Amino acid sequence: MFIYLLRRLIYVLPVAIGVSLICFLLVHIAPGDPLTAIMPVDATQEQQAAMRSAYGLDKPLPVQYGIWVGKVVTGDLGKSIATGRPVAQEVFGAVKNSMLLAFMASLIAFPIGLTLGFLAGYWRGTAFDRLVTGVAITGVSVPNYWLGIVLVIIFSVQLGWLPAMGAGPGGSGEWVWDLEHLKYLILPSVTLAVVPIGLVARTVRALVGDILTMDFVQALYAKGMRHREVLRHVLWNAAPTALSVMGLQLGYLLGGSILIETVFNWPGSGFLLSNAIFQRDLPLLQGTILVLAMFFVTMNLLVDVAQAAIDPRIKRA
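Every value quoted in this text rests on a predicted model; they were computed, and no experiment measured them.

**Q** With reference to specific residues and values, describe a nonpolar patch on the surface.
**A** A surface patch of nonpolar side chains, about 910 Å² in accessible area, is lined by Tyr145, Trp146, Ile149, Ile153, Ile154, Val157, Leu159, Trp161 and Leu259. Ranked by the residues each element gives to the nonpolar patch, the list is headed by helix H6 (residues 144-158), at six residues. One can find isoleucine 153 in helix H6.

**Q** Could you give an account of empty space enclosed by the protein, with specific residues and numbers?
**A** In this approach the atoms are scanned with a rolling probe the size of a water molecule, which exposes any empty space left behind. Applying the stated rule across the entire model yields one cavity of 30 Å³ or more. Of the voids in this model, the largest cavity is the one considered here, and its volume is about 30 Å³. Lining of the largest cavity is provided by Pro163, Ala164, Met165, Gly166, Tyr184, Pro188, Phe264 and Trp266. Residues that form the lining of the largest cavity fall into these classes: seven nonpolar, one polar and no charged.

**Q** Tell me what's going on with the side chain of serine 20, and back it up with residues and numbers.
**A** Structurally, serine 20 is set in helix H1 (residues 2-29). Those residues within four positions of serine 20 in sequence are excluded, and the remaining contacts are Tyr65, Trp68 and Leu290.

**Q** Would you mind going over the pattern of salt bridges in detail, with residue names and values included?
**A** Per the stated rule, a full pass over the model turns up four salt bridges. Here aspartate 210 and arginine 124 are joined by a salt bridge, their closest N and O atoms 3.2 Å apart. Pair noted here: aspartate 210 is in helix H7 (residues 179-212) and arginine 124 is in the loop between helix H4 (87-122) and helix H5 (127-141), with a separation of 86 residues, a long-range link. The partly exposed category is assigned to arginine 124, whose relative accessible area is 40%. Note that arginine 205 is salt-bridged to aspartate 129, the shortest N-O span being 2.8 Å. Of this pair, arginine 205 sits in helix H7 while aspartate 129 sits in helix H5, and the two are 76 residues apart along the sequence.

**Q** Before we move on, can you summarise the UniProt feature "transmembrane region" (unreviewed entry) in the protein with the specific residues and values?
**A** As recorded in UniProt, the feature "transmembrane region" (unreviewed entry) lies at residues 9-30, 100-123, 144-164, 184-204, 234-264 and 284-306. Spanning residues 100-123, this segment combines 96% helix with 0% strand, and its end C-alpha atoms are found 35 Å apart. Secondary structure within residues 144-164 divides into 71% helix and 0% strand; the distance between the first and last C-alpha atoms comes to 15 Å.

**Q** So what about the environment of asparagine 144? Which residues, and what values?
**A** Residue position: asparagine 144 is located in helix H6. Put simply, asparagine 144 and valine 194 are 50 residues apart on the chain and 7.5 Å apart in space, counted from C-alpha to C-alpha. Those residues within four positions of asparagine 144 in sequence are excluded, and the remaining contacts are Thr191, Ser257 and Ile260.

**Q** So what's going on with the packing of H5 against H7? Residues and values would help.
**A** Where H5 contacts H7, the axes come no closer than 7 Å and their chain directions differ by 140°. It follows that H5 is oblique to H7 by the angle criterion. In terms of crossing hand, the pair formed by H5 and H7 is left-handed. Counted together, Asp129, Thr133, Ala136, Ile137, Gly139 and Val140 of H5 and Val194, Val195, Gly198, Leu199, Ala201, Arg202 and Arg205 of H7 form the full contact between these two elements. In terms of residue class, the contact of H5 with H7 is built from seven nonpolar, three polar and three charged.

**Q** How would you sum up the side chain of threonine 191? Please name residues and give values.
**A** Here threonine 191 shows up in helix H7. On the accessibility criterion, threonine 191 (0% relative accessible area) is buried. If we skip the residues at most four places from it in the chain, threonine 191 touches Asn144, Gly148, Leu151, Ile260 and Phe264.

So, how was this worked out
Residues numbered from 1 in each chain as written. Predicted model: local features only at pLDDT ≥ 70, side-chain atom pairs only at ≥ 80, totals over all residues. Heavy atoms only, no water. Patch = residues over 30% accessible without salt bridge, like charges linked within 9 Å, V, L, I, M, F, W, Y side chains within 5 Å. Areas by Shrake-Rupley, 256 points an atom, 1.4 Å probe, with all protein chains shown as cover. Salt bridge = Lys/Arg side-chain N within 4 Å of Asp/Glu carboxyl O. Helix = DSSP H or I, 4+ residues; strand = E, 2+ residues; numbered from the N terminus. 1 Å grid on protein atoms, 1.4 Å probe; cavity = no way out; pocket = protein on both sides within 12 Å on 5 of 7 lines; lining within 4 Å. Points joined across faces, edges and corners; volume = space filled by probe spheres on them. Nonpolar A, V, L, I, M, F, W, Y, C, P; charged D, E, K, R; others polar. Contact = heavy atoms within 4.5 Å. Buried < 20%, exposed > 50% of the residue type's maximum accessible area, 1.4 Å probe, protein only. UniProt positions renumbered as here; feature names shortened; annotations may be inferred. Axes fitted to C-alpha atoms, helices over the stretch in contact; angles between N-to-C directions. Parallel < 35°, antiparallel > 145°, perpendicular 65-115°, else oblique. Left-handed = near helix turned anticlockwise from the far one by under 90°.

Shown next, in the form of structure tokens:
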């Protein structure tokens, strides 16, 4: 297991370098000048040159990349062009809010998706299976931002049960674990959980249905094994693939959803990324993309290790 873990860590290094290079290049090839938002309209050539020199934009791209990576490995993601605050402070504050939202959405999505998928796969071909399949396809197909707007109209505007926007009373972005703040988390969490519920349910349903038709299941019954123990073997064989799907979905949830966080005015990474794009804030845009991408890479690494721990065949492969 140690050799497998070491090998996976070595594989992560070139991926991390590639991710950093792509993050750096993507924001530089976009059209427009990031300094036009903060420079006066009547700025002289000397003032523009001084501003470019201050942000390092007067150097060639390879030099800018080397300077940027050198600062990143020390935890310095630069300063926001729009606000002047450290990018790391802005990004990690927003990522903390996105992690909270992703955690609550996964608590809703994964148990429901696993349960519905297992029951649909076990009762494959029945009316319940068709019902779960229809619900899963609908959940995957419905645009989540549209669903969020509908939920706001129903539960906030018409019924007045839940708040529509923000992360706390008075538009506060500071999270506190109390009932008042939890109300602000319900609608965005439910909206964000709809797609993972459908994907997990469809995946587990197909896995369980296929495994139940395999020869080893019939052999277990022939040996006189009890039904409950056979189902435990079925779940154990379905676990690696299901874990992979849930890990990918959790990575997407951690990355946040720009549209959902914008609809609910949730101060997460997606909302921050949206503002950085519109403000053409290169340091903030680079830092946000890099942190989210590295979260995704780390999540894939953890899923690979967990799969290897569950299924020894993965380590031998």
